[in-house]
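Spelled out from the first residue to the last, the chains are:
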Amino acid sequence: MKRIRIAVSHRPTLPLPAVHQLRRRHLPVPLFLPHTSLPLTSLHRLAPTPLRRVPALLASQTPSPDSNTEVSPPPAGAKLVPLIVSLAVGLAVRFLAPRPPEVSLQAWQLLSIFLSTIAGLVLGPLPVGAWAFLGLTAAVATHTLPFAAAFSAFTNEVIWLIVISFFFARGFVKTGLGDRIATYFVKWLGSNTLGLSYGLTISEACIAPAMPSTTARAGGVFLPIIKSLSLSVESKPNHPSARKLGSYLVMTQFQASSNSSALFLTAAAQNLLCLKLAEELGVIVANPWVAWFKAASLPAIVSLLATPYLLYKIFPPEIKDTPDAPALAATKLELMGPVTKNEWVMIGTMLLAVSLWVFGDAIGVSSVVAAMLGLSILLLLGVLDWDDCLNEKSAWDTLAWFAVLVGMAGQLTNLGIVSWMSSCVAKLLASFSLSWPTAFCVLEASYFLIHYLFASQTGHVGALYSAFLAMHVAAGVPQVLSALALAFNTNLFGALTHYSSGQAAVYFGGKIHLST
């Protein structure tokens, strides 16, 4: 039986955060090892935004470069080849592809701008927000859309709900509440590697409905804990010892995060957007939070319980027992002390928000109003301050580019493009004499596999959800089944590749330092 032991010789030198970053932060207590005062968690936990890519915490065996070496900045402006390809897509549709007679010139022109925008989001000639703004500018400058219509989605309730969810996630990380919950599960279930994985998986499922950002859960709570445990058994970077523990925990948590996001309506931002887009197409899901949970509970819970065990067999760790992990977690909890006032406020606020999300329809409180009330409480009681919100760049960036995508998709629906596309696909499926269950499987598989071209779940939803839902309905698939199945599928393909989602980038950034 291998014992957990200290491994500090490979730790890199980490820069200290700025003073203004430390001043307001609740400092999470690191996981200490016996007979040493060196923490295993890193100072990166104090960074101002939890949603940025987590830097490598485990040491590379390659010596660090000389600090005096000058690094040339990346070239400014757009990348030439992706720019040309992205523009060529839109220009080809506008001027080379024949316009169907039932589609207006305005609709066809907007479709060309939309496709060029999507191509740019995939190829990346500019940052996502900048490219989306260029697409919006093109729509207004060419008189394809009036200014008011182009910016109409910036008042969309669901988009603001997504923005506020980023602030909730910051509150979990800043107070240390998410870290405390996960550490309790390590204490209770972490005596062996499989139990440790189940503890982390179950703790994410418990946090998910009140922390509507899979990326924040990954980077702000679970990856730091996994890295601490991995380093304690010398899961060295770029070394065969990586298979001892770290690679297994990262892969398990990455796959399980998709299931926890699919289990609750409020566990991921894209879930809320899916139902909003479905509503715009006339597909109404009554009592959405409860209906979502009823539909998702059986497959999601079964998947959550099966994932750690299946990966334990398919991708087994070398270390099977971790007898010191519960003791280390208990030590960490002692050093963290009792639950702080801010943590209690965070717990109460999240219970209020989730209760209003579940029962709000019955008392006339919408989901976004519930989120606004929760954020107001956090601001009034000092759990968050306005600088925390301003520093949450991911939230404001999402507001900018996502509103552009949703706005364009909505205008395409209003101008008849979506109905035209769905009727074409329905005729094609009818020519093959496909029953609706067969058509359902074909469309769901297509929606899933297309995600190989996307690096964002929300971007995929904004670009294709409405069109695929319309195709389902036109093929005779029951409406609510179509809406929910596409939404569940959206969570599953978040674990498809190392670039398929925000949490994929976070976990892959950790995994490359844990595996060969």
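From a predicted model like this one, the values you see are computed outputs, not experimental measurements. (Residues numbered from 1 in each chain as written. Predicted model: local features only at pLDDT ≥ 70, side-chain atom pairs only at ≥ 80, totals over all residues. Heavy atoms only, no water.)

Next up on the list: the overall build of the protein. Counting secondary structure elements, the protein contains 22 helices and zero strands. Burial analysis of the protein (516 residues in total) assigns 54% to the buried set. The contacts in the protein between residues at least 6 apart in sequence include a share of 79% that link residues at least 24 apart. Total accessible area on the protein is roughly 22,100 Å²; 68% of this is exposed by carbon and sulfur atoms. (Helix = DSSP H or I, 4+ residues; strand = E, 2+ residues; numbered from the N terminus. Buried < 20%, exposed > 50% of the residue type's maximum accessible area, 1.4 Å probe, protein only. Contact = heavy atoms within 4.5 Å. Areas by Shrake-Rupley, 256 points an atom, 1.4 Å probe, with all protein chains shown as cover.)

The subject of this paragraph is the packing of aromatic side chains. Applying the stated criterion to the full structure yields 18 aromatic pairs. Where Trp 289 meets Phe 293, the ring centres are 6.3 Å apart and the plane angle is 20 degrees; that geometry is what we call stacked. Of the two residues, Trp 289 and Phe 293 both sit in helix α12 (residues 288–314), four residues apart, roughly one turn of that helix. When its relative accessible area of 11% is taken as the criterion, Trp 289 is described as buried. Ring pairs connect the aromatic residues Tyr 447, Phe 448, Phe 468 and Phe 493, which therefore count as one cluster. Over the face of the ring belonging to Phe 315 we find Arg 243, whose NZ or CZ atom lies 4.0 Å from the ring centre. (Phe/Tyr/Trp six-rings, centres within 6.5 Å; stacked < 30°, edge-to-face > 60°. Lys NZ or Arg CZ within 6 Å of the ring centre and 35° of its normal.)

For the rest of this paragraph, the subject is the packing of helix α20 (residues 457–474) against helix α21 (residues 479–492). Put simply, α20 and α21 touch, their axes get as near as 10 Å, and they point 155 degrees apart. Here α21 runs roughly antiparallel to α20, going by the angle between their axes. Crossing geometry of α20 relative to α21 is assigned as right-handed. Each of Gln 457, Val 461, Tyr 465, Phe 468, Leu 469, His 472 and Val 473 in α20 lies in contact with α21, whose residues at this interface are Gln 479, Ser 482, Ala 483, Leu 486, Ala 487, Thr 490 and Asn 491. (Axes fitted to C-alpha atoms, helices over the stretch in contact; angles between N-to-C directions. Parallel < 35°, antiparallel > 145°, perpendicular 65-115°, else oblique. Left-handed = near helix turned anticlockwise from the far one by under 90°.)

With that out of the way, let us pick up a nonpolar patch on the surface. On the surface, Leu 80, Val 81, Ile 84, Val 85, Val 89, Leu 115, Val 122, Leu 123 and Leu 453 cluster together into a nonpolar patch covering about 740 Å² of accessible area. Elements with a minimum of two residues in the nonpolar patch: α2 (80–95) and α3 (105–123). Structurally, the position occupied by Leu 115 is in helix α3. (Patch = residues over 30% accessible without salt bridge, like charges linked within 9 Å, V, L, I, M, F, W, Y side chains within 5 Å. Salt bridge = Lys/Arg side-chain N within 4 Å of Asp/Glu carboxyl O.)

With that settled, consider the nonpolar core. Of all hydrophobic cores here, the largest spans 133 residues; its most connected members are Phe 168, Phe 172, Met 211, Trp 292, Trp 357, Tyr 447 and Tyr 465. A total of 12 residues in this core trace back to one element, the largest contributor, which is helix α6 (residues 157–175). Leaving out residues up to four positions away in the same chain, Met 211 has contacts with Ala 169, Phe 172, Val 173, Ala 216, Arg 217, Val 221 and Ala 267. (Core = buried A, V, L, I, M, F, W, Y, C linked by side-chain atoms within 4.5 Å.)

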